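Observations on the three-dimensional arrangement
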Amino acid sequence: MSHTAGIRQTQKLRTRQALLDAALVLLEHQSLSSLGLREVTRAAGVTPTAFYRHFEDTAALGVALVEETLGSLHGLIAAVLAETGDSQERVDRSVEVIARHVGAQPAHFRFIAREQHGGVGPVRAAIAAQLLRFAEEVADALGQEPGAAGWSEEDLLMLGRFYVDHMVMTASALLEAGPEHEREVVRQARRRLRLVSLGRAHWLDEGAAGGAAAPGAADGDNPA
């Protein structure tokens, strides 16, 4: 790549990031569905023509914000799941990672919390896809543990989804609580996950997963 081409590429990346950053600031006070393209370009200090060099529309910009927010978490969570040691320790570490990430990027996570069920279809789909990918990664990591012997793929994915749902809930709670109450939110998050771990240890016990029939109800017996 020539020096001139390198400068152009750098400038292009800067413009794209300026648009994302400007949109994020504007989205602190409104939803993506109400965000105007000219609002974004004016805040970013670029022309509307420049916007179209990077994004097809504001929905595409929103999808990019989803990838910027959640995409960066994959590597962090994967590193925690790959750690050796007690699974509960890894769960605790994942809560710490979420808390730290939300604290560093509160505007990004407020955007996710608002748009997860918002009015822009491509953005809702992008968030759902990222969360499903998280759930699959968690399920795969849990499936490697000795305690997962006998678990079906469906049940592992269900557990992975639960952990991811809990991650999203914890992030929302951290945003609402603010820094002064972060420690309590993290404590409660860990307690809930410990409760899940206790249930997980007995999931394959007789009747736990399949819903065993009540005593006397089998074989057509009538307790009356």
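Above this note sits the structure.
Here the structure is a predicted model, which is why all the values come from computation and not from measurement.

**What to know about empty space enclosed by the protein**
Scanning the model with the defined rule gives 2 cavities of 30 Å³ or more in all. In this structure, the largest cavity occupies an estimated 250 Å³ of space. Forming the boundary of the largest cavity are 18 residues, of which Leu81, Val91, Ser94, Val138 and Tyr163 lie nearest the centre. Those elements that provide at least two residues to the lining of the largest cavity are helix H4 (58–81), helix H5 (87–104), helix H7 (121–143) and helix H8 (153–177). Top element by residues in the lining of the largest cavity is H5. It accounts for 6 residues. Here the residues of the lining of the largest cavity are counted per class, giving 12 nonpolar, 4 polar and 2 charged. Forming the boundary of the second largest cavity are 13 residues, of which Phe109, Ile112, Met167, Val168 and Ala171 lie nearest the centre.

**Considerations on the layout of surface pockets**
Its boundaries defined by the atoms lining it, the largest pocket holds a volume of some 160 Å³. Taken together, Ala99, Val102, Gly103, Pro106, Arg110, Leu174, Leu175, Gly178, Pro179 and Glu182 form the lining of the largest pocket. Sorting the residues of the lining of the largest pocket by element identifies H5, helix H6 (106–115) and H8 as the ones contributing at least two each. Element by element, the count of residues in the lining of the largest pocket is highest for H5, at 3 residues. For the lining of the largest pocket, the per-class residue count stands at 6 nonpolar, 2 polar and 2 charged.

**Some details on the side chain of glutamate 145**
Locating glutamate 145 in the fold gives a position in the loop between H7 and H8. Here glutamate 145 falls in the buried class, since its relative accessible area comes to 14%. Polar contacts involving the side chain of glutamate 145 include one to the side chain of arginine 200, which spans 2.5 Å.

**What about the nonpolar core?**
The tendency in soluble globular proteins is for nonpolar side chains to be buried as a group. One finds Leu61 and Leu70 to be the most contacted residues of the largest nonpolar core, which totals 60 residues. Ignoring anything within four residues of it in the chain, the contact list for leucine 61 reads Leu19, Leu20, Ala23, Val40, Phe51 and Phe55.

**Some thoughts on H6**
Regarding H6, the residues found buried are His108, Phe109, Phe111, Ile112 and Glu115. Buried residues of H6 fall within an arc of 150° about the axis and therefore sit on the same side.

Parameters and conventions
- Residues numbered from 1 in each chain as written.
- Predicted model: local features only at pLDDT ≥ 70, side-chain atom pairs only at ≥ 80, totals over all residues.
- Heavy atoms only, no water.
- 1 Å grid on protein atoms, 1.4 Å probe; cavity = no way out; pocket = protein on both sides within 12 Å on 5 of 7 lines; lining within 4 Å.
- Points joined across faces, edges and corners; volume = space filled by probe spheres on them.
- Helix = DSSP H or I, 4+ residues; strand = E, 2+ residues; numbered from the N terminus.
- Nonpolar A, V, L, I, M, F, W, Y, C, P; charged D, E, K, R; others polar.
- Buried < 20%, exposed > 50% of the residue type's maximum accessible area, 1.4 Å probe, protein only.
- Polar contact = N/O pair within 3.5 Å; in protein donor to acceptor, adjacent residues only side chain to side chain.
- Core = buried A, V, L, I, M, F, W, Y, C linked by side-chain atoms within 4.5 Å.
- Contact = heavy atoms within 4.5 Å.
- Arc of directions from axis to C-beta.

Just geometry here; none of it tells us what the structure is for.
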